[in-house]
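Tertiary structure, described
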Amino acid sequence: MSTPERDNDIQRRAFLKGAAAAGAALAAATTATAAEEPRPAPPPAAANLAGDTFVTRPGSDFMVDVIKSLDIDYVAANPAASFRSIHESILNYGGNRKPEFLTALHEESSVAMAHGYAKARGKPMAVFAHSTVGLQHASMAVYNAWCDRVPVLIFAGNGTDATARRPGVEWYHSMQDPGALMRDFLKWDDQPASLQHFAESTVRAYKIMMAPPPEPVLIACDIELQETQIHAGTLSIPKLVLSAPPQADEKALREAAKWLIAASQPVIVADRAVRSAEGVRALVELAETLQCPVICTGNRMNFPSTHYLNLSENRASLVANADVILMLEVADSWGVLHGLGDPWKDVRRVAKPDVKVIHITLADFLMKSNYQDMQRFLPADLPISGDAETSLPPLVDAVKRQLTPARAATLGQKADGFRTQHREMKERQKAAAALGWDASPVTTARLATEVWNAVKNETWSLVVSDRVSWPKRLWPTTEYHQMLGGSGGAGVGYSAPAAIGAALANRDRGIFSVTLQPDGDLLYAPGVLWTAAHHKIPLLIVMFNNRGYGQEIMHVQRMANLHQRNPKNARIGTMMWDPHVDFAKLAQAHGVWGEGPITDPNAVGPALARAREIVKGGAPALVDVVCQLR
Amino acid sequence: MAIIVATAALVLTAGAAVAQDTPAGGSAERGQKLFVDLGCFACHGTHGQGGDRGAGPRIYPNPFPWPVFQHMVRKPRRDMPAYTEKWVSDQDLADMYAYLLSLKAAPAAKDIPLLNR
Ligand SMILES: Cc1ncc(C[n+]2csc(CCOP(=O)(O)OP(=O)(O)O)c2C)c(N)n1
């Protein structure tokens with residue numbers, strides 16, 4: 001059957017293919033006909049505007065062409081008038097494919113979904129947001145993505161022509177400068193004044209966004225540009241060619257290699273160091289060549305947990321004894337060498353006073369001042385600007401060139417010791433996990449172990465991997481996609497939508513997604529459960545339900561004791577005990593399979609097995625487990 | 001510093017501590033409620049198993065002997081908020097200690113099949 005949409009789609013694909021084959025800058029599907037189309041004369045005053053005049057080729061169609069040229073699979077949005085035209089263009093002009101419209105119930109969910117998606121998929125998703133209120137809702141999630149160095153392509157509908165705004169709400173929902181709201185945590189933004197400007201700025205934004213460190217960008221879509229008939233003579237879409245990522249200076253890498261080879265107790269600390277399986281392989285090669293233990297902070301899966309050189313849980317002693325530390329894109333480098341007491345702010349030096357620090361990072365390229373995500377200043381002894389992942393292979397080469405056979409043999413003798421340390425470390429984790437094994441509420445270690453048992457035969461991915469530390473400590477993790485870290489900016493409300501965004505990416509790649517979902521986090525914007533149900537995003541959501549804001553009760557407890565006042569009041573404002581939230585019902589209300597609350601640890605495994613089958617059938621499922629606070 | 005030394009001394013003598021160090025008359029039932037009401041569960045877990053992500057260490061099984069336990073709650077080594085007599089009596093502490101001692105110890109890791117798969 002041939003439908004108008006399908007014909008349209010086929011024509012456009014044929015056109016795009018032709019344009020690509022020509023190797024020329026992409027010209028929009030709209031362009032050829034648009035060029036011939038004269039600008040419509042204003043209708044006579046007496047004409048029936050509603051019945052006689054139509055906008056059959058709105059500017060938003062061209063905007064969709066631009067987005068399509070960037071190979072964007074999805075756009076998440078909560079609908080709003082300021083982008084009604086492009087919304088409709090996506091559906092009826094674009095055929096609702098590449099991008100497909102994802103119905104989000106909160107703008108924070110849209111952005112966090114895009115955040116999780118980008119980490120899992122290795123490419124960005126787009127987001128539409130209403131200017132003013134939509135952007136305000138989105139902003140925390142954008143900040144999280146900024147801190148986590150993750151790309152998100154945000155479009156904001158906005159009306160710049162004051163005389164075209166409908167009176168009332170449309171004025172409240174218009175801005176002179178939409179990017180201003182988030183410019184502190186956007187890599188770039190623009191408000192194009194013409195369709196050609198839109199094409200150039202959107203492709204430019206994409207290119208800037210993807211250059212390491214990847215970060216969110218924002219493009220305003222003017223309402224008039226979207227809604228007015230295309231009348232420009234020639235419109236073209238610039239081709240997208242990404243910049244080669246910045247590799248560290250070879251001379252600096254040679255020096256780093258020299259220090260690392262000579263070191264007696266070197267350590268590698270990897271934070272947001274790698275972005276792919278190749279990055280993991282390169283780090284393994286570096287560590288093995290140097291026989292150097294690796295500490296992963298948990299923000300990315302940098303290094304296999306099964307590898308004998310992954311001694312992450314021995315961090316304190318490794319840092320304390322290190323003579324050289326190689327940091328790879330570490331956000332808080334000061335915090336590796338020090339601790340800070342609370343509440344007395346006493347500095348606790350962990351590392352030796354004369355430890356030498358090499359730091360490969362792009363931090364110096366993020367020139368923003370207001371938000372303090374730069375962390376406390378640590379002057380490295382050998383600071384090297386460069387993308388860690390890109391700089392790893394040349395660093396490995398530099399090490400191999402300088403490593404003499406004699407030194408290599410000496411380093412090789414360390415391996416057995418590290419193997420023993422690794423084995424002992426794993427045994428310690430298991431012993432700690434056994435504590436409170438049969439307790440109710442269920443311990444987080446038991447929860448993580450039961451979940452592992454449920455997913456271990458799948459091609460699994462723990463899509464948010466930092467809310468409970470046990471998977472990092474206990475699960476055999478070997479692949480980059482298996483653990484996707486956390487929010488970046490600790491803006492709570494990230495976990496649920498980011499998990500769903502990552503699960504969408506994993507669905508398309510045949511990977512089974514699982515998440516340990518904190519209760520407080522889900523309750524910020526639980527509507528995202530409906531989005532998962534509606535779009536059939538398979539995700540095993542295991543509630544880490546401690547019935548409160550665990551982190552916060554500890555803070556208030558600290559204050560009560562410090563102030564020598566009633567220590568029994570700390571739960572007020574921090575715990576959700578009266579009444580308990582019923583998460584299985586919450587899930588069911590949103591169309592998601594739900595079971596619980598489960599308080600008996602022995603009941604967790606069977607419930608997970610049931611939920612796993614639902615997820616394998618292509619839908620989300622939630623199991624509510626009542627857990628220990630931490 | 002003085003605090004650390006004093007605590008260390010107590011810990012060193014702990015090995016010699018014997019059963020009679022356990023306070024008499026502690027009510028495990030009352031202690032269980034206090035353990036929650038006073039927020040101990042938040043950092044140490046309801047079974048004293050310890051809290052994830054550095055919240056608080058394990059304090060059960062093998063709890064410190066009673067005098068050390070008492071001392072550590074009153075004058076913690078480092079990051080734990082101190083509980084003074086103003087709000088928490090020695091009887092309260094004894095009850096919580098009795099609660100901990102009343103708990104059934106968890107099986108060892110080697111005896112838990114799920115941990116060995
Ligand atoms: C948007 C936002 N509001 C408040 C906070 C402060 N905060 C930090 S942790 C936390 C508790 C979150 O609760 P939950 O997600 O259930 O995790 P838990 O601490 O219980 O493990 C809160 C409210 C925050 N980080 N972000």
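Remember, it's a predicted structure, so these values are computed and weren't measured experimentally.

Secondary structure summary: chain B contains 5 helices and 0 strands in total. For chain B, the α and β elements follow one another from N to C terminus as α-α-α-α-α. The buried share among the 117 residues of chain B stands at 44%. Per element, the accessible surface of chain B, about 6200 Å² overall, is 60% carbon and sulfur.

Attention shifts here to unusual backbone geometry. Residues and elements named next belong to chain A. In the segment running from D342 into P343, the intervening peptide bond is cis, with an omega of 15 degrees. Looking at where P343 falls in the secondary structure, it is placed in the loop between strand 12 (338-340) and strand 13 (347-349). With an omega of 0 degrees, the peptide bond running from G596 to P597 counts as cis. With respect to the helices and strands, P597 occurs in strand 19 (residues 593-598). Its identity as a non-glycine residue notwithstanding, K536 has a phi of 55 degrees, on the positive side.

Quick look at the packing of helix 4 (residues 59-69) of chain A against helix 5 (residues 84-93) of chain A now. Residues and elements named next belong to chain A. As a packed pair, helix 4 and helix 5 sit with axes 8 Å apart at the nearest point and diverge in direction by 65 degrees. Compared by their axis directions, helix 4 and helix 5 come out roughly perpendicular. Where helix 4 crosses over helix 5, the two elements pack in a sense that is right-handed. Each of S60, D61, M63, V64, D65 and I67 in helix 4 lies in contact with helix 5, whose residues at this interface are S85, I86, S89, I90 and Y93. When the residues that make up the contact of helix 4 with helix 5 are grouped by side-chain class, the tally is 6 nonpolar, 3 polar and 2 charged.

Our next topic: the pattern of salt bridges. All names here are of chain A. If you walk through the whole model with that rule in mind, you get 38 salt bridges over all chains. Here K98 ties to D71 by a salt bridge, and the two come within 2.6 Å at their closest N and O atoms. Separated by 27 residues along the polypeptide, K98 in the loop between helix 5 and strand 3 (100-103) and D71 in the loop between helix 4 and strand 2 (74-77) bring together distant segments of the chain. Of the charged contacts, one joins R149 and E215 as a salt bridge, the two residues approaching to 3.1 Å between their closest N and O atoms. In this pair, R149 is assigned in the loop between helix 7 (133-147) and strand 5 (153-158) and E215 in the loop between helix 9 (195-210) and strand 7 (217-222), connecting sequence segments 66 residues apart. Take R149 and E215: they sit in the same class, and that class is buried. Taken together, the shared-partner salt bridges in this structure form one network comprising D71, D73, K98 and K123.

All names here are of chain A. If you look at the biggest cluster of nonpolar residues, it comprises 101 residues, and the most contacted ones within it are L286, L328, L447, V455 and W475. Among all residues touching L286, those that are not within four sequence positions of it are I268, L326, L392, L395, V396 and V399. By size, the runner-up hydrophobic cluster in this structure holds 55 residues, among which are V111, A112, L504 and V592.

Here we come to the domain arrangement of chain A. Residue and element names in this part refer to chain A. Per the domain assignment, the segments of chain A are domain 1 (59-227), domain 2 (250-425) and domain 3 (435-626). The gap between the C-alpha centroids of domain 1 and domain 2 is 37 Å. At the interface, 15 residues of domain 1 touch 11 residues of domain 2. Both sides of the domain 1 and domain 2 interface together cover about 1200 Å² of buried area, and 58% of this is carbon and sulfur.

Now for the pairing of strand 19 of chain A. Successive side chains on a regular strand alternate, one facing one side of the sheet and the next facing the other. All names here are of chain A. Pairing geometry for strand 19 and strand 20 (residues 621-626), over 4 bridges, is parallel. Paired with E595 across the two strands is V623, which belongs to strand 20. Between strand 19 and its parallel partner strand 20, the chain crosses via helix 25 (residues 604-616), and the hand of that crossover is right-handed.

Residue and element names in this part refer to chain A. Looking at where R165 falls in the secondary structure, it is placed in the loop between strand 5 and helix 8 (169-172). Buried within the structure, R165 lacks any salt-bridge partner; its nearest side chain of opposite charge belongs to E170, at an N-O separation of 7.0 Å. A polar side-chain atom of R165 sits 3.5 Å from the main-chain carbonyl oxygen of T160. A polar contact of 3.3 Å, which involves the side chain of R165, links it to the side chain of S174. When near neighbours in sequence (up to four residues on either side) are disregarded, R165 contacts G159, T160, E170, W171 and S174.

Basis of the calculations
Residues numbered from 1 in each chain as written. Chains lettered and ligands numbered in written order. Predicted model: local features only at pLDDT ≥ 70, side-chain atom pairs only at ≥ 80, totals over all residues. Heavy atoms only, no water. Helix = DSSP H or I, 4+ residues; strand = E, 2+ residues; numbered from the N terminus. Buried < 20%, exposed > 50% of the residue type's maximum accessible area, 1.4 Å probe, protein only. Areas by Shrake-Rupley, 256 points an atom, 1.4 Å probe, with all protein chains shown as cover. Axes fitted to C-alpha atoms, helices over the stretch in contact; angles between N-to-C directions. Parallel < 35°, antiparallel > 145°, perpendicular 65-115°, else oblique. Left-handed = near helix turned anticlockwise from the far one by under 90°. Contact = heavy atoms within 4.5 Å. Nonpolar A, V, L, I, M, F, W, Y, C, P; charged D, E, K, R; others polar. Salt bridge = Lys/Arg side-chain N within 4 Å of Asp/Glu carboxyl O. Core = buried A, V, L, I, M, F, W, Y, C linked by side-chain atoms within 4.5 Å. Domains from an automatic or database assignment. Buried area = accessible area lost by both parts, 1.4 Å probe. Pairing = 2+ DSSP bridges. Right-handed = clockwise from strand over helix to strand, strands pointing away. Lys, Arg positive; Asp, Glu negative; His and termini not counted. Polar contact = N/O pair within 3.5 Å; in protein donor to acceptor, adjacent residues only side chain to side chain.

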